[in-house]
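Letter by letter, the chains look like this.
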Amino acid sequence: MVSFIKASVLIFCLFLVACANQNKAPESLYDDVGGQPVMIKITDNFIQEISFNRTIYQYFAKTNIDRFREKFIEYLCVSTGGPCQYTGDTMLKVHQGQKITEADFNTTVDLLVAAMKDAGLTYPQQNRVLEVLAKTRREMLYQ
Ligand code: HEM
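So, here is what we can say about the structure in this document. Every value quoted in this text rests on a predicted model; they were computed, and no experiment measured them.

Rules used throughout
Residues numbered from 1 in each chain as written. Predicted model: local features only at pLDDT ≥ 70, side-chain atom pairs only at ≥ 80, totals over all residues. Heavy atoms only, no water. Helix = DSSP H or I, 4+ residues; strand = E, 2+ residues; numbered from the N terminus. Buried < 20%, exposed > 50% of the residue type's maximum accessible area, 1.4 Å probe, protein only. Contact = heavy atoms within 4.5 Å. Near = heavy atom within 4 Å. Polar contact = N/O pair within 3.5 Å; in protein donor to acceptor, adjacent residues only side chain to side chain. 1 Å grid on protein atoms, 1.4 Å probe; cavity = no way out; pocket = protein on both sides within 12 Å on 5 of 7 lines; lining within 4 Å. Sits in = over half its atoms within 2 Å of the grid points. Nonpolar A, V, L, I, M, F, W, Y, C, P; charged D, E, K, R; others polar. Points joined across faces, edges and corners; volume = space filled by probe spheres on them. Phe/Tyr/Trp six-rings, centres within 6.5 Å; stacked < 30°, edge-to-face > 60°.

Turning our eyes to something else, we now look at the overall build of the chain. In terms of regular secondary structure, the chain is built from 9 helices and 0 strands. Each helix (α) and strand (β) of the chain, taken in turn from the N terminus, gives the series α-α-α-α-α-α-α-α-α. When burial is assessed residue by residue, the chain has 33% of its 143 residues classed as buried. Sequence-distant contacts, at least 24 apart, represent 70% of the contacts inside the chain between residues at least 6 apart.

Shown next as structure tokens:
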């Protein structure tokens with residue numbers, strides 16, 4: 001009898017867990033990759049990658065890196081569905097006048113991929129992040 005009650009309680013608990021999971025919203029890309037600590041890690045790795053690349057670093061020679069760091073973390077967070085607010089300028093405004101070539105854009109994407117890899121993102125996760133960031137690609141090129 002006791003074991004029957006124990007089994008019934010166990011089954012009821014499993015039922016409750018199953019119900020709770022059904023009502024949960026699908027996990028965002030932000031949560032999937034590890035949330036804010038990972039946004040920060042990607043950004044710091046990215047800044048390091050940029051500093052090692054002579055061609056791409058030239059674009060950032062006059063940039064306030066503290067501001068870039070803060071805004072890039074926010075931008076990554078919002079783009080991946082995280083609970084942040086982006087307080088920086090639009091991609092068009094920021095990159096306008098820099099005359100970024102396709103080749104330099106692609107190199108920067110490679111640096112970002114290396115930054116994501118070092119932050120522990122899997123290959124499919126890296127692609128999902130690139131997919132959301134690529135939406136504003138046209139706003140950054142040749143402007
Ligand atoms: C993967 C695509 C890219 C994303 C998501 C991105 C995003 C951003 C963000 C969020 C900022 C900060 C905005 C602010 O300060 O209000 C920024 C600034 C900047 N980006 Fe990009 N960017 C991308 C590609 C590039 C490329 C390809 C270059 C050049 C090769 C570049 C050069 C810069 C520079 C120089 C700044 C700082 C501008 C300043 O000093 O005011 N970005 N970017």
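Attention now goes to the site of the ligand. In the vicinity of the ligand there are 19 residues, among which Thr63, Arg67, Asp89, Val94 and His95 approach most closely. The contact in question runs from an oxygen atom of the ligand to an N or O atom on the side chain of Thr63, over 2.8 Å. Interatomic distance of 2.9 Å between a side-chain N/O atom of His95 and a nitrogen atom of the ligand. The site holding the ligand turns out to be the largest pocket. Broken down by secondary-structure element, the contributors of at least two residues to the shell around the ligand are α5 (65–79), α6 (91–95) and α7 (102–118). No other element matches the 5 residues that α5 contributes to the shell around the ligand. Class assignment for the residues of the shell around the ligand results in 11 nonpolar, 5 polar and 3 charged.

The next subject is the layout of surface pockets. Here the largest pocket is characterised by a volume of approximately 790 Å³. Surrounding the largest pocket, 29 residues form its lining, Phe60, Phe68, Phe72, Val94 and His95 being those nearest its centre. When contributions to the lining of the largest pocket are tallied by element, the ones reaching two or more residues are α4 (54–59), α5, α6, α7, α8 (123–133) and α9 (137–140).

This part covers the packing of aromatic side chains. Under the definition given, this model contains 5 aromatic pairs. Connected via pairs of aromatic rings, a cluster forms that spans Phe46, Phe60, Phe68 and Phe72.

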